[in-house]
Amino acid sequence: MSAVQAIPFVRAFDFQHGRADQVSPLIQRVICNNPGPFTFTGTGTYIVGHSRPGSSVAVIDPGPLDDAHLAALMSAVEGRTVSHILVTHTHRDHSPLARPFADVVRAPILAARPPARDTHASGPLDEEEDAVFAPDTILTGGEAIAGDGWTLRALFTPGHASNHMAFALEDENALFCGDHIMGWSTTFVAPPDGDMSDYLRSLDVVIAAGFSTLWPTHGAPVTEPAPFLAAYRRHRLDREAQILARLVAGDRTIAEMVPVLYAAVDQRLWAAAGLSVWAHLIKLVNDGRVVTDGEPTMSATYRPA
């Protein structure tokens, strides 16, 4: 079995929790002290706009309910007007602080509609849904959000979450990509809310757009997106091929595949790996390349078509 294509991850970067760093002419970043297996060094909240007093700014992904992070954001925007609060998706490391922050700065919250169906089965893995999130304005993709010398455009990117929205900063040809693309790790796609077919389609949209820089909510920016995204996409297709190879070899369940496919991975992450394999199998069933009796569930038996 061939190795999965290596991705040129970027894991080292300069930051300090709670510090507002000017990372581009129009972007500041403040990282919350909530590191973990899915948040890496913590949730990075972005402030978009000029630093001069009195200017208007947008704030992207306020983050989890955290008093210290709220105080850090308030300090970072002091003297400026927050005109918009944007949320990429409603996992609890991205959206819960949006309403408390909005109540203080008196700005509207803009995001895609919260999921109408059950969210993905990763509650024990700390990727729970923010069940009470309610934006003031529903975005569907394509909307322009503008302020003093900057324009953001909403780009619908479902896959990691069914309501995932990225935001393109037209002035710097950059994309705030939330969890759709991460520079330090592959993105977690877990059913039933996460969808691998949607994810790959959205990834192709981002590739075609030709952004100069990607700003994930977790970790460092991706400053050479073209080769990075090509490797990111190959990784998914390689994993799909490996799953098909395990089925040809006689494996029939996710529980049989994971120890082989992820033999080099910490066993504590095998539960998450199983969800990713499940997402691939759902796609393969829908593509007609794999069959199963009944619904394609975590415990189902699969075989090549």
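A quick note: this is a predicted structure, and the numbers were derived from the prediction, not measured.

**Q** With reference to specific residues and values, describe the sheet that holds strand S7 (residues 137-139).
**A** The mixed open sheet is built from seven strands, whose spatial order is S1-S2-S3-S4-S5-S6-S7. Whereas interior strands pair on both sides, the edge strands pair on one side only; in this sheet they are strand S1 (20-24) and S7. Averaged over all pairs of adjacent strands, the angle between their axes in this sheet comes to 25°, without regard to strand direction. Summarising the sheet, strand S6 (residues 109-112) and S7 pair through three bridges and their orientation is parallel. Along S7, the bridge assignment pairs Ala112 with Leu139. Taken strand by strand, helix H1 (residues 67-77) contacts S1, strand S2 (27-31), strand S3 (44-48), strand S4 (56-60) and strand S5 (81-86), and its axis lies near 160° from that of S2.

**Q** Got a sec to walk through the pattern of salt bridges? Specific residues and values, please.
**A** A complete count under the given rule lists 12 salt bridges for this structure. Across the pair Arg201 and Asp198 runs a salt bridge whose closest N-O atoms are separated by 2.6 Å. Here Arg201 pairs with Asp198, and both are found in helix H3 (residues 196-209), just three residues apart, close to one helical turn. The exposure class of Asp198 is partly exposed, given its relative accessible area of 21%. Put simply, Glu240, Lys283, Asp287 and Arg289 are held in one network by salt bridges that share partners.

**Q** Describe the environment of Pro64, with residues and values.
**A** Structurally, Pro64 can be placed in the loop between S4 and H1. Here the alpha-carbon distance between Pro64 and Thr43, two residues 21 residues apart in the chain, equals 7.9 Å. Residue contacts for Pro64: discarding those within four places in its chain leaves Cys32, Asn34, Thr43, Arg92, Asp93, Pro96 and Leu97.

**Q** An account of unusual backbone geometry is requested, with residue identities and associated values reported.
**A** The amide bond that connects Pro191 to the next residue, Pro192, takes the cis arrangement and shows omega of 5°. The residue Pro192 is located in the loop between strand S11 (174-178) and H3 in this model. Although it is not a glycine, Asp61 adopts a positive phi angle of roughly 55°. Tracing the chain through its elements places Asp61 in the loop between S4 and H1. Judged by its relative accessible area of 0%, Asp61 is buried. In this structure, Arg106 takes a positive phi of about 60° despite not being glycine. Turning to its location among the elements, Arg106 is positioned in the loop between helix H2 (98-105) and S6.

**Q** So what about the confidence of the model for the chain? Which residues, and what values?
**A** Residues with a pLDDT of 70 or more make up 93% of the chain, whose mean pLDDT is 93. Overall, residues 121-126 carries pLDDT values under 50, and its contacts beyond four positions in sequence, including any with other chains, amount to 14 contacts.

**Q** Tell me about the sheet that holds strand S9 (residues 150-156), and name the residues and values.
**A** Backbone hydrogen bonds are what pair the strands of a sheet, in a parallel or an antiparallel way. Within the open sheet, the five strands sit side by side as S8-S9-S10-S11-S12. Their pairing is mixed. The strands lining the two open edges of the sheet, one partner per strand, are strand S8 (144-147) and strand S12 (213-216). On average, adjacent strands in this sheet sit at an angle of 25° to one another, irrespective of strand direction. Across three bridges, the pairing between strand S10 (residues 165-169) and S11 is antiparallel. The residue bridging Ala168 from the neighbouring strand is Leu175, located in S11.

**Q** Can you break down the pairing of S4 residue by residue, with the values?
**A** Each regular strand displays side chains that alternate between the two surfaces of the sheet. Counting buried positions over the five residues of S4 gives five, a clear majority of the element. Side chains Ser56, Ala58 and Ile60 project from S4 onto one buried face, and the interleaved Val57 and Val59 project onto a second face that is buried too. By the bridge criterion, three bridges tie S3 to S4 in an arrangement that is antiparallel. Looking at the pairing, Val48 lines up with Ala58 of S4. Note that S4 and S5 share five bridges and pair parallel. Bridge assignment links Val59 to a residue of S5, and that residue is Ile85. Chirality of the crossover, the property in question, places the unit of S4, H1 and S5 among those that are right-handed.

How each quantity is defined
Residues numbered from 1 in each chain as written. Predicted model: local features only at pLDDT ≥ 70, side-chain atom pairs only at ≥ 80, totals over all residues. Heavy atoms only, no water. Pairing = 2+ DSSP bridges. Helix = DSSP H or I, 4+ residues; strand = E, 2+ residues; numbered from the N terminus. Axes fitted to C-alpha atoms, helices over the stretch in contact; angles between N-to-C directions. Contact = heavy atoms within 4.5 Å. Salt bridge = Lys/Arg side-chain N within 4 Å of Asp/Glu carboxyl O. Buried < 20%, exposed > 50% of the residue type's maximum accessible area, 1.4 Å probe, protein only. pLDDT = per-residue confidence, 0-100. Right-handed = clockwise from strand over helix to strand, strands pointing away.

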